[in-house]
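Below are the chains, spelled out letter by letter.
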Amino acid sequence: MRERPNVPPTGFLRRALVAGATATLLCAGAGGAVAAPAPPTTAAAPAATAHAAHSPYGAHSPYGAHSPYAQLRPLAALSAERLATGDLVAAAKWGTGTPIDDPAREQAVLDAVAEQARQWGADPETTVRIFRDQIEANKVVQRGLFRKWQADPSQAPTERPDLGKVRETINRLNGELVRAIAASPRARSAPYCGPVLTGAAVLVRQERHLDTLHTVALARALHSVCGGG
């Protein structure tokens, strides 16, 4: 009998994340507002690892440096950080007629991460599968923002970021994600991957104050993380 891959229930992950985002919106009240996604930083994965390394529970505890959580949290944190670039890409494209879908750029990214995966000892096929989801999640953000700005032009960006510089940030994050994938094959293939990844994603959502759009996109970005390889 063919063994079924350990793919997390995407619906469950999305429901868990969106439930948290909805609770945040309700707590904010009618006059409140959910903070925009934090801008990209360079410390997401190192900070998560450092936190785990200094955990009072020890390195091999559920929250220790070598724990499943410590392996999976950087993937959630870096995915959220990468999603924040979707806002910048959308702002760069808005009003220019540039399509959201960019097959040539997308294929270049997939080719690059496959080569990086070979260099870092990750499975190229698994890495490409995860990055297809990352790319689609970024486009979820872009499409959502385009709909928002079309409905209310007063909320549209007034400045256009340099798309080339934004892509430099994306390329850096891609490299960090590939390394995180290479460092987590055991956790990603384990039966507990889905629940642990969901827990990490919920905490990342809370820390970055993600709104519903970015929360849904985060669930999309993490769709293929569990399953091994």
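An account of the accompanying structure is given in this report.

Reading the values: rules and limits
Numbering of residues starts from 1 in each chain and follows the order in which that chain's sequence is written. With pLDDT at 70 or above as the cut-off, local features in this predicted model cover only qualifying residues; side-chain atom pairs require 80 or more to be listed or tallied, and sums for whole chains, interfaces and linings still use all residues. The basis for every side-chain value is the complete set of heavy atoms in the structure, and neither hydrogens nor water enter the calculation. Each axis is a line fitted through C-alpha atoms, and for a helix only the stretch in contact is used; angles between axes span 0 to 180 degrees, taken between their N-to-C directions. For helices the rule is a DSSP run of H or I covering at least 4 residues; for strands it is a run of E covering at least 2, with both sets numbered from the N terminus onward. Each crossing gets its handedness from the near helix: less than a right angle anticlockwise from the far helix is left-handed, clockwise is right-handed. Two residues form a contact once any of their heavy atoms are found within 4.5 Å. Each residue is assigned to one of three groups, with Ala, Val, Leu, Ile, Met, Phe, Trp, Tyr, Cys and Pro labelled nonpolar, Asp, Glu, Lys and Arg labelled charged, and all others, Gly among them, labelled polar. Nonpolar core, defined: a set of buried Ala, Val, Leu, Ile, Met, Phe, Trp, Tyr and Cys residues in which side-chain atoms within 4.5 Å join the residues together. For the exposure calls, accessible area comes from a 1.4 Å probe over protein chains only, and a residue counts as buried if that area is under 20% of its type's maximum, exposed if over 50%, partly exposed in between. Disulfides are defined as pairs of cysteine sulfur atoms found within 2.5 Å of each other. By definition in this entry, angles of less than 35 degrees are roughly parallel, angles greater than 145 are roughly antiparallel, angles of 65 to 115 are roughly perpendicular, and the rest are oblique. By salt bridge we mean one thing: a side-chain nitrogen of Lys or Arg within 4 Å of a carboxyl oxygen of Asp or Glu. Working definition: a ring pair exists when centres of Phe, Tyr or Trp rings (six-membered ring for Trp) sit within 6.5 Å. Plane angles under 30 degrees give stacked, over 60 give edge-to-face, the rest tilted.

**Some points on the packing of helix α4 (residues 103-120) against helix α5 (residues 124-151)**
Axis angle and axis distance: for two packed helices, these are the angle between their axes and the distance between the axes, and together they describe the pair.
Here is step 1 of the chain: Packing of α4 against α5 brings their axes to within 9 Å, and their N-to-C directions diverge by 145°. As α4 runs across α5, the sense of the crossing is right-handed. Where α4 abuts α5, its residues E106, V109, L110, V113, A114, A117 and R118 lie against P124, T127, V128, F131, R132, I135 and K139.
Here is step 2 of the chain: Class assignment for the residues of the contact of α4 with α5 results in nine nonpolar, one polar and four charged.

**Quick notes on the nonpolar core**
Here is step 1 of the chain: Of all hydrophobic cores here, the largest spans 46 residues; its most connected members are L72, L75, F131, W149, L218, L222 and V225.
Here is step 2 of the chain: Those elements that provide at least two residues to this core are α3 (68-93), α4, α5, α6 (163-182), α8 (193-208) and α9 (212-221).
Here is step 3 of the chain: For this core, the element with the highest residue contribution is α3, accounting for ten residues.
Here is step 4 of the chain: Once residues lying within four places of it in the same chain are set aside, the contact partners of W149 are D87, A90, A91, W94, Q155, A156 and P157.

**What to know about the state of the cysteines**
Here is step 1 of the chain: Considering all chains together, one arrives at one disulfide under this definition.
Here is step 2 of the chain: Here C193 connects covalently by a disulfide to C226, the sulfurs 1.9 Å from one another. Looking down the S-S bond of the C193 and C226 bridge, the torsion is -80°, so its handedness is left-handed. A residue pair is termed long-range when its members are at least 10 positions apart, and C193 in helix α8 and C226 in the segment after α9 qualify at 33 residues.

**Considering the environment of Q116**
Here is step 1 of the chain: In this structure, Q116 sits in helix α4.
Here is step 2 of the chain: Taking the C-alpha atoms as reference points, Q116 and V178, 62 residues apart in sequence, are found 6.9 Å from one another.
Here is step 3 of the chain: Excluding residues within four positions of it along the chain, Q116 makes contact with N174, G175 and V178.

**Focus on the packing of α5 against α6**
Here is step 1 of the chain: Two elements in contact, α5 and α6, have axes separated by 11 Å at closest approach and are oriented at 135°. Classified by the interaxial angle, the pair formed by α5 and α6 is oblique. Along this stretch, α5 crosses α6, giving a crossing that reads as right-handed. Together, T127, I130, F131 and Q134 of α5 and N174, L177, V178 and I181 of α6 make up the contact between the two elements.
Here is step 2 of the chain: Partitioned by chemical class, the residues of the contact of α5 with α6 number five nonpolar, three polar and no charged.

**Describing the pattern of salt bridges**
Here is step 1 of the chain: Evaluated as defined, the whole model comprises ten salt bridges.
Here is step 2 of the chain: Ionic pairing is found between E106 and K139, a salt bridge with its closest N-O pair at 3.1 Å. Of this pair, E106 sits in helix α4 while K139 is found in helix α5, placing the two residues 33 residues apart along the sequence.
Here is step 3 of the chain: A relative accessible area of 4% means that K139 is categorised as buried.
Here is step 4 of the chain: Across the salt bridge formed by R172 and E176, the nearest N and O atoms sit 2.9 Å from each other. With a gap of four residues between them, R172 and E176 both fall in helix α6, about one helical turn apart.
Here is step 5 of the chain: Taking the relative accessible area as the measure of exposure, R172 reaches 27% and is therefore partly exposed.
Here is step 6 of the chain: Overlapping salt bridges bring together D101, E106, E136, K139 and R143 as one network.

**As for the packing of aromatic side chains**
Here is step 1 of the chain: Within this structure, the stated rule accounts for three aromatic pairs.
Here is step 2 of the chain: Judged by centre distance (5.2 Å) and plane angle (75°), the ring pair of W94 and F146 falls under edge-to-face. With a gap of 52 residues between them, W94 in the loop between α3 and α4 and F146 in helix α5 connect regions that are remote in the sequence.
Here is step 3 of the chain: Site record: aromatic cluster; members linked through ring pairs are W94, F146 and W149.

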